[in-house]
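Residue-level structural notes
Spelled out, the chains give:
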Amino acid sequence: MRLLTVVGARPQFIKAAAFSRVVRQRHTEVLVHTGQHYDAAMSDVFFDELGLPHPDHHLGVGSGSHAAQTARMLDRLEDVMRAESPDVVVIYGDTNSTLAGALAAAKLGIPVAHVEAGLRSYVRDMPEEINRLVADRLATYLFAPTQTAVDNLLREGARMADPSIAIPPSASGSPDRDPTSHLPLFTSLSSTLGS
């Protein structure tokens, strides 16, 4: 299976470091860095210190308004996704990179796996909350880190029995909080996506 993982900010680098170690044992991963966080102290140091593979594509979008930054990401991600032809696009969390990855993949008909699905602040003034809601709606596979996140998804219409939705019955854990918590998540992702 060919996965395209979209990252762009510090929390995503941490999660991707754990994910890449596991997924690259059985699958091909294309790592895309949007450049949302771009200075060495907010980006490069994480790749070096966590042993995260250097990105196959660095989009270099830099800063800007939410709309301008996300638009640049969408434009560049679409080109990369067309060229790489992934089976699944993996997104993390709630950043502009998350939103752009979900939108670009959905518009190209590529399944989306959202790690950290179902998290909610219920504060619509937060750009991250909008990103979470849209990413969860567009995702094919939802991986919730807590039972509360699973409950949120169920309240919003996700169904445990739907074969296109993968919400592990026991919450899947978040790889940045507990180094061992990512194992059930990635086992679930790997079995959901196939070998």
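Before any of the text, the structure's been laid out above.
The structure displayed is predicted, hence computed values, not measured ones.

About the criteria used
- Residues numbered from 1 in each chain as written.
- Predicted model: local features only at pLDDT ≥ 70, side-chain atom pairs only at ≥ 80, totals over all residues.
- Heavy atoms only, no water.
- Pairing = 2+ DSSP bridges.
- Helix = DSSP H or I, 4+ residues; strand = E, 2+ residues; numbered from the N terminus.
- Contact = heavy atoms within 4.5 Å.
- Axes fitted to C-alpha atoms, helices over the stretch in contact; angles between N-to-C directions.
- Phe/Tyr/Trp six-rings, centres within 6.5 Å; stacked < 30°, edge-to-face > 60°.
- Parallel < 35°, antiparallel > 145°, perpendicular 65-115°, else oblique.
- Left-handed = near helix turned anticlockwise from the far one by under 90°.
- Nonpolar A, V, L, I, M, F, W, Y, C, P; charged D, E, K, R; others polar.

Further remarks concern the sheet that holds strand β4 (residues 88-92). With parallel pairing, the 6 strands of this open sheet are ordered in space as β3-β2-β1-β4-β5-β6. If you trace the sheet from one side to the other, it starts and ends with β3 (57-58) and β6 (141-143), each paired once. Where strand β2 (residues 28-33) meets β3, 2 bridges bridge the pair, whose relative direction is parallel. Bridge assignment links H33 to a residue of β3, and that residue is H58. Its contacts with the sheet place helix α4 (residues 96-107) against β1 (2-7), β4 and β5 (112-115), and it is angled at close to 160° to β4.

This next bit is on the packing of aromatic side chains. Applying the stated criterion to the full structure yields 3 aromatic pairs. With a centroid separation of 6.2 Å and 80° between ring planes, the pair formed by F19 and Y92 is classed as edge-to-face. On the criterion of sequence distance, the pair formed by F19 in helix α1 (residues 10-23) and Y92 in strand β4 is long-range, its members being 73 residues apart. A connected cluster of aromatic rings, assembled from ring pairs, spans F13, F46 and F47.

Before going further, it helps to spend a moment on the packing of helix α3 (residues 66-84) against α4. Contact pair α3 / α4: the axes reach a minimum separation of 8 Å and the direction vectors enclose 45°. It follows that α3 is oblique to α4 by the angle criterion. Judged by the sense of rotation from one axis to the other, the crossing of α3 with α4 is right-handed. Every residue of α4 that contacts α3 at H66, Q69, T70, M73, L74, L77, E78 and M81 is listed here: N96, S97, L99, A100, G101, L103, A104 and A105. In the contact of α3 with α4, the residues fall into 9 nonpolar, 6 polar and 1 charged.

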